[in-house]
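Residues per chain are reported as follows:
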Amino acid sequence: MSLLREIQEATTNPNYRLADVLRLSKILAARLSHQELRNWVEKELNGYKSSDVIPRYRILKNLGSRGDFIGLFGRGAFIAPIPLFCLPEEFAASLSKVNVLQSVSAIENIVEQANNSGTSILREFWPADAVALFGSDIFEDMKCGQAWRDIPTNSFVAILDTVKNSILNFVLEIEIQAPYAGEAEPGTKPIPDAVVTQIFYQFILDQSTHKSIDKSKKITNLQQELIMSDNHSTNIQAGRDASGNISNSEISGVVASGDISGIVNNSISQLQKSDDHNIIKLAELLNKLKTAIETEPALPAEDKEVALEQVAVLASEGQNPKKESKFKPVKTAIAALKGTVAGLPAAAKLVKEFNQLLPLIGQFFNNG
């Protein structure tokens, strides 16, 4: 069983503890050579520090507080709800939420103990200093003996489920990009960092994929330079200026302008001059993909540029389909395109066009 399939099995098998699933994910992070995934796994396994940026699923909000109050002549109020508007605003705000810092193993133990005792609401007690400072200001003529926040047990269950579902979704998407990524040799990168980062932000941290693209743009640019410089006998040579714009590009001996669309047009035009019917068909498919990218309103301009660069790579490699060295840049370009499209709404026209065109484009290179 591949590592990706083993992780999928672990997330759906109740006999696996979540810590075991995360340890398998730690191996995957090492084989993907992806530091952000590795850091996230470590924090889930060992717990977060108060100074860390806490994932949203670990922040519990809208929590209520209760307390026991004692007054004169035997008066009292026990397990009484505490109206937070009686407290200073900054203190009330901190009491209505809590950051769960514990490791997943600790959270699992909390849930197990609560289930064994039939407890559906857990208590987190206020600090003694807070009780002493504000305890007399909540109810008239009464002092607070103890106070606590009510935390539903289901909130901890939800954290565990979110982590498990996030891992499953991440692994499923990685498998789409590269089915054998879990078996990658040390020192190799089965999927470009930019693509893994995008999947990580979307499925693990549940953040906008466009934000992750922005953060990894420099990585994507560098990756394209490496692909092009590794391709010694090839038609594409590209450099970048400090702003990330393509400069001094040459395609099949034809000097192109700094416009990426012009570069793609030139590379596709070289395919159209071929006597091979399959290469002409590839030119038609890539031209359709280029048009779909350029006309997609949901795709930011910088992402269009990155996507068009991948089309240029595919067009260049298509000019010599029997070349043995073509597979690395082709696979990398296709993976980068998948990563870009993954951030779009499912109803976007580009997503539909991409799903139709990619299998046909991939078939050309597989048969070549």
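Details of the structure are given in the entry above.
Report on the accompanying structure. (Residues numbered from 1 in each chain as written. Predicted model: local features only at pLDDT ≥ 70, side-chain atom pairs only at ≥ 80, totals over all residues. Heavy atoms only, no water.)

This paragraph deals with the overall build of the chain. In terms of helices and strands, the chain carries 15 helices and nine strands. Looking at the chain as a whole, 48% of its 368 residues qualify as buried. Put simply, of all contacts in the chain between residues at least 6 apart along the chain, 67% involve residues at least 24 apart. Approximately 18,700 Å² of the chain is accessible, and the part contributed by carbon and sulfur atoms is 52%. (Helix = DSSP H or I, 4+ residues; strand = E, 2+ residues; numbered from the N terminus. Buried < 20%, exposed > 50% of the residue type's maximum accessible area, 1.4 Å probe, protein only. Contact = heavy atoms within 4.5 Å. Areas by Shrake-Rupley, 256 points an atom, 1.4 Å probe, with all protein chains shown as cover.)

This paragraph deals with the packing of aromatic side chains. Under the definition given, this model contains six aromatic pairs. Ring plane angle 85° and centroid distance 5.1 Å describe the contact between Phe364 and Phe365, whose orientation is recorded as edge-to-face. Phe364 gets classed as buried once you look at its relative accessible area, which sits at 12%. Phe365 gets classed as buried once you look at its relative accessible area, which sits at 2%. Put simply, the rings of Phe91, Trp126 and Phe134 touch in pairs and so form one group of aromatic residues. If you follow Arg123 out to its NZ or CZ, it ends over the ring of Trp148, 3.8 Å from the centre. (Phe/Tyr/Trp six-rings, centres within 6.5 Å; stacked < 30°, edge-to-face > 60°. Lys NZ or Arg CZ within 6 Å of the ring centre and 35° of its normal.)

For the rest of this paragraph, the subject is the pairing of strand S2 (residues 65-71). Regular strands place side chains that alternate from one sheet face to the opposite one. The buried count for S2 comes to five of seven residues, which makes it a mostly enclosed element. Where S2 and strand S6 (residues 142-152) come together, seven bridges link them in antiparallel fashion. Counterpart to Phe69 in the pairing with S6 is Cys144. With four bridges joining them, S2 and strand S3 (residues 76-81) adopt antiparallel strand pairing. Its bridge partner being in S3, Gly67 is matched across the sheet by Ala80. Between S2 and S3, which pair antiparallel and follow one another directly, the connecting turn spans four residues, one of which, Phe73, has a positive phi of 55°. (Pairing = 2+ DSSP bridges.)

This part is about the nonpolar core. In terms of nonpolar packing, the biggest core is built from 48 residues, with Leu22, Leu32, Trp40, Phe170 and Ile174 touching the most fellow members. When residues of this core are traced back to their parent elements, those giving at least two are helix H1 (3-12), helix H2 (18-32), helix H3 (35-46), helix H5 (104-117), helix H7 (153-177), helix H8 (193-203) and helix H14 (327-342). Sequence-distant contacts of Phe170, defined by excluding residues within four places in its chain, comprise Leu28, Leu32, Leu37, Val196, Ile199, Phe200, Phe203 and Ile204. The next biggest cluster of nonpolar side chains, apart from the first, holds 35 residues, and it includes Ala283, Leu285, Leu289 and Phe365. (Core = buried A, V, L, I, M, F, W, Y, C linked by side-chain atoms within 4.5 Å.)

As a further point, take a nonpolar patch on the surface. On the surface, a nonpolar cluster with roughly 330 Å² of combined accessible area is contributed by Ile70, Phe78 and Ile79. Mapped onto the secondary structure, Ile79 falls in strand S3. (Patch = residues over 30% accessible without salt bridge, like charges linked within 9 Å, V, L, I, M, F, W, Y side chains within 5 Å. Salt bridge = Lys/Arg side-chain N within 4 Å of Asp/Glu carboxyl O.)

Bringing H8 into the picture now. The buried fraction of H8 is high, at eight of 11 residues. Ala194, Val195, Val196, Thr197, Gln198, Ile199, Phe200 and Tyr201 are the residues of H8 that are buried.

All right, on to the pattern of salt bridges then. Evaluation of the coordinates by the stated rule reveals 13 salt bridges. As a salt-bridge pair, Asp20 and Arg23 come within 3.0 Å of each other at their nearest N and O atoms. Note that Asp20 and Arg23 are positioned in helix H2 at a spacing of three residues, about one turn of the helix. Owing to a relative accessible area of 32%, Asp20 belongs among the partly exposed residues under this scheme. Residue classification places Arg23 among the partly exposed positions, given a relative accessible area of 47%. Between Arg66 and Asp150 there is a salt bridge; the shortest N-O distance is 2.8 Å. On the criterion of sequence distance, the pair formed by Arg66 in strand S2 and Asp150 in strand S6 is long-range, its members being 84 residues apart. We classify Arg66 as partly exposed; its relative accessible area is 30%. Accessibility expressed as a relative area gives 17% for Asp150, which makes it buried. Among the charged side chains, a salt-bridge network with shared partners connects Arg17, Glu108 and Glu112.

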